[in-house]
Amino acid sequence: MKREFERAKKAVESLFWDTCYVEIFSEEGTDWGETLHQKGEGDSFPCRLMEKTVASGENGLLAEVEKTVVLLYPAGKDILPGSAIRVRKENGEERRYFAAGDSQVFLTHKAVGLRRRDVV
């Protein structure tokens, strides 16, 4: 059973062609009592950015387009809600996102919905 699980996990992780960089924030106290928030580069790991576009319309006219973006990543990693995430696609293109909620946990991987921040 464990052997089958490891095989399934490897199969899922073999699809992780992109690289994720999760930005972290730390608090640093000053001598005068102020708290400074510092942004830094956090963990980086392989991931898979999945995008699905749904267009709707009437009589051949495009009325609205909805885009759903989901990030798949290794089960041993954590992405907190609201985390800033930079994704480097396999073609070298970089995109910035925010984690749009809690991650869903599966046996072989985790998934989190993303909201686009901007294009780098």
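Scroll up to find the structure.
Report follows, based on the coordinates.

Quick notes on the rules
- Residues numbered from 1 in each chain as written.
- Predicted model: local features only at pLDDT ≥ 70, side-chain atom pairs only at ≥ 80, totals over all residues.
- Heavy atoms only, no water.
- Buried < 20%, exposed > 50% of the residue type's maximum accessible area, 1.4 Å probe, protein only.
- Helix = DSSP H or I, 4+ residues; strand = E, 2+ residues; numbered from the N terminus.
- Pairing = 2+ DSSP bridges.
- Salt bridge = Lys/Arg side-chain N within 4 Å of Asp/Glu carboxyl O.

### A word on the pairing of strand β5 (residues 94–99)
On a regular strand, each side chain points to the face opposite its neighbour's, so the side chains alternate between the two faces of the sheet. Burial within β5 is extensive, with 5 of its 6 residues counted as buried. Inspection of the sheet shows strand β4 (residues 84–88) paired to β5 by 5 bridges, in the antiparallel sense. When the bridges of β5 are listed, Ile85 appears paired with Tyr97. In textbook terms, the turn of a hairpin is the stretch between consecutive antiparallel strands, and for β4 and β5 this stretch comprises 5 residues, one of which, Gly92, has a positive phi near 95°.

### Some remarks on the pattern of salt bridges
Going through the model one piece at a time under the given rule, you end up with 7 salt bridges. In this structure, Lys77 engages Asp43 in a salt bridge whose closest nitrogen and oxygen atoms are separated by 3.1 Å. Taken together, the residues Lys77 in the loop between β3 (61–74) and β4 and Asp43 in strand β2 (residues 35–58) connect sequence positions 34 residues apart. Lys77 gets classed as partly exposed once you look at its relative accessible area, which sits at 26%. The class of Asp43 is partly exposed, set by a relative accessible area of 37%. Here Glu94 ties to Arg86 by a salt bridge, and the two come within 3.3 Å at their closest N and O atoms. Across this residue pair, the class does not change: Glu94 and Arg86 are buried. The structure contains a network of salt bridges with shared partners spanning Glu51, Glu93 and Arg95.

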